[in-house]
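The primary structure of each chain is shown beneath.
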Amino acid sequence: MTGAFDVAVLGSGFGGSLAALIARRAGRTVVLIERGTHPRFAIGESSSPLANLLLEELADGYDLPRIRPLSAWGTWQRTYPEIGCGLKRGFTFYAHEAGNPFRGAPDRSDQLLVAASPNDEVADTHWYRPDFDGFLADEAAAEGAEYLDRTAIAAIAAGASGFDIDASRAGRSMRLRARFVIDASGPGGALHQALGLASTAFPDLPQTEGLFTHFENVRRLDAMGIFPAAATPPYPADDAALHHVFDGGWIWVLRFQNGVTSAGIAATPALARELRLSEGATAWQRLLDRFPTVHDQFAGARPTLPFVHRPQLPFRSRSAAGPGWAMLPSAAAFVDPLLSTGFPLTLLGLERLGEAMRTDWGRPAFEEKLQRHETRTFLEVDAAALLVSALYARFDDFPVFAALTHLYFAAASFAESARRLGRPALSGAFLSADHPTFGPALDRCCRMALGGGDRDEVLAAVREAIEPLDVIGLGDASRRNWYPVDQADLYASARKLNATRAEIDALLVRCGLVTA
Ligand SMILES: Cc1cc2nc3c(=O)[nH]c(=O)nc-3n(C[C@H](O)[C@H](O)[C@H](O)COP(=O)(O)OP(=O)(O)OC[C@H]3O[C@@H](n4cnc5c(N)ncnc54)[C@H](O)[C@@H]3O)c2cc1C
């Protein structure tokens, strides 16, 4: 079998299938090559307001109405109740000390809850990837992409006008030809290997290890009687990306509506060694034995799949694009699950590559856009890595850890608001890394934290750094680590977004945050 296509997409995770859909809508012929088959387990499940907004923008921009309902809990549940999904109202963090139950300090200094949405209807989601990715691959095929699953790529070589891909499927060899190759096969994937690319470490990030699986019967923390009944948090704390953080690492707990809960740990090499994470289930038990409250949460839980051990989570290729090829950010690099940066980074890359395919296909500007994609990918990924490195350095000092997360929450919510106002240039790159004042301030705060900076000085530096972008009241200490969605914050911050009161009114109605 042979075939010639405009675009070959390698890998049919959500990133690859969306790339194929976008390329089809940009008028290209597409082959989508997957070594496995759907449905299959995939890790990386928790979305965020910016990720969902980007998904919505791609769906609108490329006329993909069947994808759009997947950008919020309410529309997803009504349209596709059969596609597994979890309700994510915010980011929940609890700080733990080994050997002790979660303390629950009266001043809330050992917890942080940042709401991402005012109600369930417009809430974010956890994507149950066996269903979600399978649906998107089917959509890509339905839109005319040639979808080849169970296909092993043997070689990829640059030819006179694109790439030759030698592959085999069900015992049959094939040569596929494509003018443009998008690598969506994950870190260190198909193109990284085929082109013999080098990788580099993130300078300040520990070489963390991961251990994770899916469970059933994980208890809700808010049903375990550990929180004062009188206090009402900004959203039900378990309907969130729930983080248990401690010196050396953190555990995520993500609940799906189908009874499955995703959980795992990312740990520094020292803690991973101590727990012997590579041993899987017994290491998980050792971890639970250390943290009594987490132990109770998982007391009746049962893994539904074997544990997966990743001996090294971070990855950074030296290159993300070249003549006739580009990697999605998720193939070029991975930092850490912390703060759910993977999805928005991937979707921002899809936005860039879609734009190039749509407006500059076959023109010299196309290759220039690929180079810009590479530069922007690494700017964004490196900023995320620096922030996550600082967070790892201060897991043992929760007030500093919580303050550092404000850098993420300020930049992400500012970006969401700016985009919803139709002014994406205001926030610029992911984490506003290229913002003239916030970018350098983010860098300074992270380096202070990494250098063991004094707690009060780091807290003051973060307060000052976030002020120009803070549109959600993060600077208000009276909230004591609980940050609900309060429209008053947006109105009070309108000048930061160069917006009038009427524009904020319209934005809130348009996005379903209030009724007209
Ligand atoms: C432990 C962990 C937790 C994470 N949690 C989050 C989170 O909560 N939120 C978040 O935003 N991000 C998270 N991420 C990141 C997230 O997983 C990625 O951003 C996301 O999976 C990228 O999707 P993708 O479709 O681009 O690639 P992938 O999901 O990596 O899919 C790659 C696809 O390519 C296929 N493939 C691989 N090699 C080949 C080949 N040679 N030929 C053909 N096909 C191939 C694979 O079978 C697979 O289907 C996490 C990552 C890890 C490691």
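Here is a short report on the structure shown in this document. (Residues numbered from 1 in each chain as written. Predicted model: local features only at pLDDT ≥ 70, side-chain atom pairs only at ≥ 80, totals over all residues. Heavy atoms only, no water.)

1. Considering the overall build of the protein chain
What the protein chain contains, in helices and strands, is 16 helices and 21 strands. For 516 residues, the compact-globule estimate of 2.2 N^0.38 gives 24 Å, and the protein chain sits close to it at 22 Å. Principal axes of the C-alpha set define a box for the protein chain whose edges measure 65 × 55 × 45 Å. Scored against the burial criterion, the 516 residues of the protein chain give a buried share of 59%. Taking all contacts inside the protein chain whose residues are at least 6 apart in sequence as the whole, residues at least 24 apart take part in 72%. About 19,700 Å² of surface is accessible on the protein chain, with carbon and sulfur atoms providing 51% of the total. (Helix = DSSP H or I, 4+ residues; strand = E, 2+ residues; numbered from the N terminus. Rg over C-alpha atoms; globule rule 2.2 N^0.38 Å. Buried < 20%, exposed > 50% of the residue type's maximum accessible area, 1.4 Å probe, protein only. Contact = heavy atoms within 4.5 Å. Areas by Shrake-Rupley, 256 points an atom, 1.4 Å probe, with all protein chains shown as cover.)

2. Here we look at unusual backbone geometry
Residue histidine 38 is joined to proline 39 through a cis peptide bond whose omega torsion reads -5°. Relative to the elements of secondary structure, proline 39 occurs in the loop between strand E2 (30–33) and helix H2 (49–61). A positive phi angle, close to 50°, is found at aspartate 63, a residue other than glycine. Considering the arrangement of structural elements, one finds aspartate 63 in the loop between H2 and helix H3 (73–79). The backbone of arginine 108 shows a phi angle near 65°, a positive value even though the residue is not glycine.

3. A short note on helix H16 (residues 501–510)
Among the residues of H16, Ile504, Leu507 and Leu508 are the ones counted as buried. Taken down its axis, H16 places every buried residue within 95° of arc, on the same side. Turned more than 90 degrees away from the buried face of H16 sit Ala502 and Arg510, all of them exposed. Buried-residue contacts for H16 involve helix H12 (398–420) and helix H15 (487–492). Taken from the residues just after H16, glycine 512 is the one with a positive phi, measuring 70°. (Arc of directions from axis to C-beta.)

4. Brief notes about the packing of helix H13 (residues 438–450) against helix H14 (residues 455–466)
The contact between H13 and H14 brings their axes to 9 Å, and the two run at 165°. The orientation of H13 with respect to H14, classified from their angle, is roughly antiparallel. In this structure, H13 crosses over H14, and the sense of that crossing is left-handed. Where H13 abuts H14, its residues Phe438, Ala441, Cys445, Met448 and Ala449 lie against Glu457, Val458, Ala461, Val462, Ala465 and Ile466. Classifying every residue of the contact of H13 with H14 by side-chain character gives 10 nonpolar, no polar and 1 charged. (Axes fitted to C-alpha atoms, helices over the stretch in contact; angles between N-to-C directions. Parallel < 35°, antiparallel > 145°, perpendicular 65-115°, else oblique. Left-handed = near helix turned anticlockwise from the far one by under 90°. Nonpolar A, V, L, I, M, F, W, Y, C, P; charged D, E, K, R; others polar.)

5. Focus on the nonpolar core
Within soluble globular proteins, side chains that are nonpolar generally end up buried alongside one another. Formed by 128 residues in total, the largest nonpolar core has its most connected members in Leu347, Met357, Leu404 and Leu407. Once residues within four sequence positions are removed from consideration, leucine 404 is found in contact with Leu387, Ala390, Leu391, Arg394, Cys445, Ala449, Val458 and Val462. Counting 33 residues, the second-largest nonpolar core is a separate cluster that includes Tyr94, Leu113, Phe246 and Ile265. (Core = buried A, V, L, I, M, F, W, Y, C linked by side-chain atoms within 4.5 Å.)

6. Focus on the site of the ligand
Near the ligand lie 28 residues; those nearest to it are Gly15, Glu34, Arg129, Ser330 and Phe343. A distance of 3.4 Å is found between an oxygen atom of the ligand and a backbone nitrogen or oxygen belonging to serine 340. Here an oxygen atom of the ligand and a backbone polar atom of phenylalanine 343 are 2.7 Å apart. Considering the ligand on its own, with 1,000 Å² of exposed area, one finds that the protein chains cover 88% of that surface. Every element with two or more residues in the shell around the ligand is listed here: helix H1 (14–25) and helix H10 (342–360). At 3 residues, the largest contribution of residues to the shell around the ligand is made by H10. (Near = heavy atom within 4 Å. Polar contact = N/O pair within 3.5 Å; in protein donor to acceptor, adjacent residues only side chain to side chain.)

7. Topic: the packing of H2 against H12
Close contact between H2 and H12 brings their axes to 9 Å; oriented N to C, the two are set at 25°. When the axis of H2 is compared with that of H12, the two are roughly parallel. The chirality of how H2 crosses H12 is left-handed. Contact residues: Pro49, Leu50, Leu53, Leu54, Glu56 and Glu57 in H2; Ala415, Glu416, Arg419 and Arg420 in H12. Considered class by class, the residues forming the contact of H2 with H12 number 5 nonpolar, no polar and 5 charged.

8. Describing the pairing of E2
Each regular strand displays side chains that alternate between the two surfaces of the sheet. Of the two faces of E2, the one holding Val30 and Leu32 and the one holding Val31 and Ile33 are both buried throughout. Of the strand pairs in this sheet, E2 and strand E7 (residues 146–148) are connected by 3 bridges, and their pairing is parallel. By the bridge assignment, leucine 32 is partnered in E7 with tyrosine 147. (Pairing = 2+ DSSP bridges.)

9. Looking at the packing of aromatic side chains
Each aromatic ring pair is described using two quantities: the centre-to-centre distance and the angle formed by the ring planes. Applying the stated criterion across every chain, the model contains 30 aromatic pairs. Between phenylalanine 14 and phenylalanine 132, the aromatic rings sit 6.4 Å apart at their centres with planes inclined by 55°, giving tilted as the arrangement. Here phenylalanine 14, found in helix H1, pairs with phenylalanine 132, found in helix H4 (residues 129–142); they are 118 residues apart in sequence, far enough to count as distant. A centroid spacing of 5.9 Å and a plane angle of 70° characterise the contact between phenylalanine 91 and tyrosine 408, whose relative ring orientation is edge-to-face. (Phe/Tyr/Trp six-rings, centres within 6.5 Å; stacked < 30°, edge-to-face > 60°.)

10. Let's talk about the environment of phenylalanine 135
Summarising the element assignment, phenylalanine 135 is placed in helix H4. Not counting the four nearest positions on each side in its chain, phenylalanine 135 is found in contact with Arg66, Ile67, Leu70, Tyr80 and Ile83.

11. Details of the pattern of salt bridges
Enumeration over the complete set of coordinates arrives at 40 salt bridges. A salt bridge links arginine 419 to glutamate 351, with the nearest nitrogen and oxygen atoms 3.0 Å apart. In this pair, arginine 419 is assigned in helix H12 and glutamate 351 in helix H10, connecting sequence segments 68 residues apart. Taken together, the shared-partner salt bridges in this structure form one network comprising Glu56, Asp60, Arg68, Glu416 and Arg420. (Salt bridge = Lys/Arg side-chain N within 4 Å of Asp/Glu carboxyl O.)

Coordinates in, geometry out; function isn't part of it.
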